[in-house]
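Each chain is listed here by its residues.
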Amino acid sequence: RVWLVFLFAMATFYGSVMFGQMAMPAQEQVVEVRIVGNVAVPKSRVIRILRTRAGRAYNLELIEEDVRRLNNTGLFVDIRTFSQQVPGGRVVVFEVIERPTLKEVLYVGNSKIKTPLLEKETKLKAGEALDPFAVEEGRLKIEEFYKSKGFGNVRVTIFEGNKPTDRRVVYLINEGRKQKILWTKFVGNTIAWDDRLRTQIQSKPPILYMFKGEVDRKQIDEDVNRLTAYYRGLGFFSARISRELEFVADQNWLILTFVIAEGPRYKIRNVSFAGNRRFSDEELAARLNLKNGQDFNQAAMNKDVATLKELYGRIGYVFADVKAVPGFDEMPGTLDLVYNVREGDRYRVGPISVEIKGEYPHTKITTVLNRISLKPGDIVDIRKLRESERRLRASGLFLVDPLSGAQPRIVFSPPEFGELETELARDPDGRSSAGGRNIRGQSPDAVPYDTWRWSPSATGQPNAQSGDRYIDLTLRGQWADPPAERAATLRPTQPPTSQFPMPQQVPAQQRGRRIVRGQNGYGRSIPQPQPGSLYSTEQWSSSVSSRQPSTSAYNSPPPSPQTTYPQTGYPQPMGRSPAPSQPSYPLTSPNPPVSSAAQGVGRPPVAPPANMPADPAYENQYPPMGPGEGPGEGLFNPTSPFLTAPGDDVLTRPLPLRVRTEETTTGRLMFGVGVNSDAGLIGNIVIDEQNFDIARIPRSWEEIRNATAFRGAGQRFRIEAIPGTQVQRYMINFSEPYLLQTNIALGLSGYYYNRWYREWDEERVGGRMSLGYRFEALPDLSCSFAYRGAKINISDPIDATLPELVEVMGNNRLHGFRYGLSYDTRDNRFLATEGHQIDVSFEQVLGSFDYARVEVDVSKYFLLHERPDTSGRHVLSLSGRLGYTGSDTPIYEHYYAGGFSTIRGFDFRGASPRDPGTGIQVGGEFQAIAKIQYLFPITADDMLRAVVFCDTGVVQPTIDDWRDKYRVAPGFGLRITMPAMGPAPIALDFAFPLSTERGDRTEVFSFFVGFNR
């Protein structure tokens, strides 16, 4: 009976199919496609555009689409279609009316502007279809182009090309006279002088009245808008700007006058805040520069907005939004300023991924990670992110192009659903998810700890008793094992496992191991999960305004700070229920009680997740811990969805960071020349590699060919040759900025140095080793330890009987051990306007002469005045230098004064102590230099600055009786900043000594000019 029913159903099915096929009419086919009316356009070109082809089904919609496609070519004025039924199908006919084809495009009357430039503007070419609209558009573009070049009276006429029967285009051009700007004037301005306003506009007189400076009326109108924005930015909200054009000298020259009605400058009546909860109004107001009663300044307001954002960004509110809203009152000239604050959520650092682009990427990911101050689990600090970006830019390893915007960036966005899932570890084939590439010599250590995931090992040998497999990982990365004091406050979420057998239960020879080397790594045997077990962390979808748990992964509500794991005190993840019978231990306990089921583990077992599938092998498992490790130590999970920040109860979210970089040219062969008052004329030949890797020995010719050998670790290798007229130096230098992936910097160098002094010739052969350390808590503070050793040869003395020269003649040995401390907050190394610098050092020198040396350098910069738009800074600087060296110091290590770097107004070493009998400069054991300088701008663009200074100081044989020999030399000078020559300015100074000693060599003019930096 069953078989009969089955046969009946099959017969019914096939019968309906056959009946449907018989009832469906056959679709007509296209037999032929004909093109009618084409003359200049070949038929083959039209056929290639069509989708209707012979042998295909006849489709009216497809034919309509073909008509639209032919229209879009611009080759035809009209297109019609016909079809005729013939035996076997239909014949489709496309009747076209072609546009006239351009045979020639002519420009008549142009003498000041060449024809190729006009062709580039109109984009009309012979052989294309004639389009009257395109011809008219070309005429307008020609006129606009001429006007931008200063031909304000240009007239362009279409002589031929605007009729359907035309076959060429002819433009008649009446250029008129070229007009240039003779002068730019301003009327009615009181807040800013004319030169400053000229820096805000583009319409200016020609350079040397020869180059540029053309009259462009469109540009003039834009300059009106620029001046209006400038005034309103300074609080002149009622300012009105107009312009007057006055042509002189037969209409060739223009006097451009901007008439300014400034109106009242608005003052701030009241500053208030809205939406702030983390900080009080008083705390926020204390950070502002704009306060009640001050004149409104948009630049200062924007700076205050950035300050408030940074204030929130320091404590993890990186998406805090602050908007300044000026509120105008009925009383003219006053406004209320309201800062609307939207704090958003607080974040800690989650996974850190690195992307390095380049033709042959070779930079190690650790080279990037070493320069990032934040680690997974840290509260996100926007200052440290910017400092990390600055450090990546300053490294010289990555592309920095301000014009294209290419530079190293640390990007982040509010994590959405799925981004918080732990990506954890290495693929079986050894590829890393961090950085997206396998780079020889670094692949194992290229993956931060937070991007590892558990994966079975193909080579792991199972335990004979439990069947568990182990893989040995040295967890490299940002935070493999957080410090105990930090772990006790961060309260990390317990990883979603219960308890693993201790690694010592499995003999080492039975474990499959993969050794991974990297920074801050600790060897650890990590058990392999069983297939099918759940090892992913919680997933959350998130936005700036709110965070909701992902219902696709878990259905439980977000945990509260009071929800804890049994016996751990950790926050309870979603979807897991604590065992009610288990007590909770406080966070402050570094080592909670150990249950009988977890002897030797160091912390109690955790109940498995509520949605964990039944798996006998999962029971009684726990991640292995080191001796004495407690909660938060060992396997900290930086991607757990909730943590509380140290010192408060505010929940934080993990924020993934993405570091995007692109490799640049780091190897350089440089030639240069320089001249200064102290060293004369010098040359410079340098071979420099800033991304050196001493350990990356080439393994193939390909690595040598593509320049990846000996590169990638961010080390620096430099060979330098400096021949000169008064000094020669040849040096080889190697530096490692992050020794063993720490904040310790290593420097090694060897050199040969020769200088011809007036009194003797000095030759040095030696080397130097230094270790430096940068404090993370105080990034402006650093310390260093250095050793220098040298063989010093003194020859050709000016007086062979001078005792100070007799004792050093020939070869001398020097071994110096120096310790230094530096604190630098200057805003610019070359032209500082704010901040200070303090350098303190102590050195003990052994060898042919034994002595100690102490030096202190201090400088302070005061910003006295600046323009309302923060340019044109007037800076007062004070600096001082003290130095003392032991009585056994040889003459070649004495202090000397005089010259650009010490006391201007004196020749190099020209203000130094002399031998009473011979008058030879012998230097001294004590140095005291003090300077005061006032720097102010001369030009509106700040490229030319003037300085007024006074250099004072003394060098004496001993520290006693030096006050009456104190030199004083006031003077003035110029600082010329040329972007093409780098950030360091050209210095030209004139100094006039007022206090001198007998035998001093004076020098009124001193300078420093460098052509290579």
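Before reading on, note that the structure itself is shown above.
Since this is a predicted model, take the numbers as computed values, not measurements.

Criteria and cut-off values
Just so you know, the residues in each chain are numbered from 1, in the order the chain's sequence is written. Local features in this predicted model are restricted to residues whose pLDDT is 70 or higher, and side-chain atom pairs enter the listing and the counts only when it is 80 or higher, whereas totals over whole chains, interfaces and linings include all residues. Side-chain measures here rest on the full set of heavy atoms in the structure, leaving out hydrogens and waters. In this description a helix means any DSSP run of H or I spanning at least four residues, a strand means any run of E spanning at least two, and both kinds are numbered starting from the N terminus. Every helix has an expected span of 1.5 Å times one less than the residues it contains. Type-normalised accessible area, obtained with a 1.4 Å probe on protein chains alone, sets the label of each residue: buried when under 20%, exposed when over 50%, and partly exposed for intermediate values. Should any heavy atoms of two residues lie within 4.5 Å, those residues are considered in contact. A 3.5 Å cut-off defines polar contacts: any pair of N or O atoms within that distance qualifies, except that in protein one atom must be a possible hydrogen donor and the other a possible acceptor, and neighbouring residues in sequence count only when both atoms are side-chain atoms. Pairs of strands are assigned from DSSP output, requiring at least two bridges between the strands. To obtain each axis, a line is fitted to C-alpha atoms, and for helices this fit is confined to the stretch in contact; angles are then taken between N-to-C directions over 0 to 180 degrees. For Phe, Tyr and Trp, rings pair up if their centres lie within 6.5 Å, where Trp contributes its six-membered ring, and each pair is then called stacked (planes under 30 degrees apart), edge-to-face (over 60) or tilted (otherwise). We call a charge positioned above a ring when the Lys NZ or Arg CZ atom is no farther than 6 Å from the ring centre and deviates by at most 35 degrees from the ring normal. In this text, buried Ala, Val, Leu, Ile, Met, Phe, Trp, Tyr and Cys residues form a nonpolar core when linked through side-chain atoms within 4.5 Å. Should an angle fall under 35 degrees it is called roughly parallel, over 145 degrees roughly antiparallel, and 65 to 115 degrees roughly perpendicular, with every other angle called oblique. Note on convention: the crossing is left-handed when the near helix lies turned anticlockwise from the far helix by less than a right angle, right-handed when the turn is clockwise. Between Lys or Arg on one side and Asp or Glu on the other, a salt bridge is scored when a side-chain nitrogen of the former is within 4 Å of a carboxyl oxygen of the latter. Patch membership is restricted to residues that have no salt bridge and whose relative accessible area is over 30%. Joining uses 9 Å for like charges and 5 Å for the nonpolar side chains Val, Leu, Ile, Met, Phe, Trp and Tyr. With residues, only the protein chains shown are counted as cover, and all accessible areas are computed by Shrake-Rupley using a 1.4 Å probe. Picture the helix axis, draw a direction to every C-beta atom, and the arc is the one those directions span.

### Considerations on helix α9 (residues 298–313)
Here's step 1: End to end, α9 covers 22 Å across 16 residues, agreeing with the expected 22 Å (1.5 Å per residue, within 8%).
Here's step 2: Listed as buried for α9 are A300, M301, D304, V305, L308, L311, Y312 and G313.
Here's step 3: Looking at the buried side of α9, the elements it contacts are β10 (267–274), α8 (281–285), β11 (321–328), β12 (334–342) and α11 (382–394).
Here's step 4: Near the N-terminus of α9, the side chain that reaches the backbone nitrogen of A299, with its oxygen 2.9 Å away, is that of N297.

### Re the sheet that holds strand β3 (residues 89–98)
Here's step 1: Strand order in the open sheet formed by three strands is β1-β3-β2, and the pairing between neighbours is mixed. Each end of this open sheet is capped by a strand with a single partner; those strands are β1 (30–36) and β2 (76–86). For this sheet, the mean inter-axis angle between neighbouring strands, taken without regard to orientation, is 15 degrees.

### Section: the packing of aromatic side chains
Here's step 1: Across all of its chains, the model carries 25 aromatic pairs by this definition.
Here's step 2: Judged by centre distance (6.1 Å) and plane angle (5 degrees), the ring pair of F692 and F710 falls under stacked. Note that F692 is positioned in strand β22 (residues 680–692) and F710 in the loop between α13 (701–705) and β23 (715–722), a separation of 18 residues in sequence.
Here's step 3: Here F692 falls in the buried class, since its relative accessible area comes to 13%.
Here's step 4: For F710, a relative accessible area of 33% corresponds to the partly exposed category.
Here's step 5: Among the aromatic residues, ring-to-ring pairing joins F237, Y266, F296 and F328 into one connected group.
Here's step 6: Lying over the aromatic face of F862, K860 brings its terminal NZ or CZ to 5.5 Å of the ring centre.

### A few points about the nonpolar core
Here's step 1: Within the largest apolar cluster, 23 residues are counted, with the highest numbers of intra-cluster contacts made by V271, F273, L284, L308, Y312, L337 and Y339.
Here's step 2: Every element with two or more residues in this core is listed here: β10, α9 and β12.
Here's step 3: Considering each element in turn, this core owes the most residues, six residues, to α9.
Here's step 4: In this structure, V271 is in contact with L288, L290, K291, N292, L337 and Y339, ignoring residues within four places of it in sequence.
Here's step 5: Of all hydrophobic cores here, the second largest spans 22 residues; its members include F319, I356, L374 and V380.

### As for the packing of helix α4 (residues 115–122) against helix α5 (residues 132–148)
Here's step 1: It is at 8 Å that the axes of α4 and α5 come closest, and there the two elements cross at 125 degrees. Here α4 lies oblique to α5, going by the angle between them. Between α4 and α5 the crossing geometry is right-handed. Contact residues: L117, L118, E121 and T122 in α4; G138, K141, I142, F145 and Y146 in α5.

### Quick look at the pattern of salt bridges
Here's step 1: With the rule as written, the count across this model stands at 50 salt bridges.
Here's step 2: We note a salt bridge from E143 to R139, for which the minimum N-O separation is 3.1 Å. Of this pair, E143 and R139 both sit in helix α5, four residues apart, which is roughly one turn of the helix. With respect to burial, E143 and R139 carry one shared label: buried.
Here's step 3: For R718, the salt bridge identified is with D688, shortest N-O distance 3.8 Å. Taken together, the positions of R718 in strand β23 and D688 in strand β22 put the pair 30 residues apart, joining distant regions of the chain. For the pair formed by R718 and D688, the shared burial category is buried.
Here's step 4: One network of salt bridges, with partners in common, ties together E762, R764, R788, E843, R853, E855 and E893.

### As for a nonpolar patch on the surface
Here's step 1: On the surface, a nonpolar cluster with roughly 840 Å² of combined accessible area is contributed by I744, L771, Y773, F785, F817, Y819, L821, I838, V840, L846 and V858.
Here's step 2: Within the fold, V858 resides in strand β30 (residues 851–865).
Here's step 3: Accessibility expressed as a relative area gives 39% for V858, which makes it partly exposed.

### Brief notes about helix α3 (residues 60–72)
Here's step 1: Here α3 spans 19 Å end to end across 13 residues, near enough to the 18 Å set by a 1.5 Å rise per residue.
Here's step 2: Buried within α3 we find I63, D66, V67 and L70. Down the axis of α3, the sector holding all buried residues measures 100 degrees, keeping them to one side. Seen from the open side of α3, the exposed residues pointing more than 90 degrees away from its buried face are E61 and N72.
Here's step 3: Looking at the buried side of α3, the elements it contacts are α2 (43–49), β2 and β3.

### What about the sheet that holds strand β6 (residues 168–174)?
Here's step 1: The strand order across the open sheet formed by three strands is β4-β6-β5, and the pairing between neighbours is mixed. A strand with exactly one partner marks an edge of an open sheet, and here the two such strands are β4 (104–108) and β5 (155–160). Pairs of neighbouring strands in the sheet enclose a mean axial angle of 20 degrees, with direction left out of account.
Here's step 2: Summarising the sheet, β4 and β6 pair through five bridges and their orientation is parallel. Note on β6: the bridge partner recorded for E104 is R168.
Here's step 3: Contacts from α4 reach β4 and β6 within the one sheet, and its direction differs from that of β4 by about 125 degrees.

### A few points about the side chain of T661
Here's step 1: When you line up the elements, T661 lands in strand β20 (residues 651–662).
Here's step 2: Residues within four places of T661 in sequence aside, it is in contact with E355, I356, K357, F398 and P408.

### Quick word on the pairing of β3
Here's step 1: Burial analysis of β3 places eight of its 10 residues in the buried class, the great majority of the element.
Here's step 2: Pairing analysis gives six bridges linking β1 to β3, with the strands arranged parallel. Note that in β3 the partner of V33 across the bridge is V92.
Here's step 3: As paired elements, β2 and β3 share 10 bridges and run antiparallel to each other. Across the sheet, the residue bridging to V86 is G89, located in β3.

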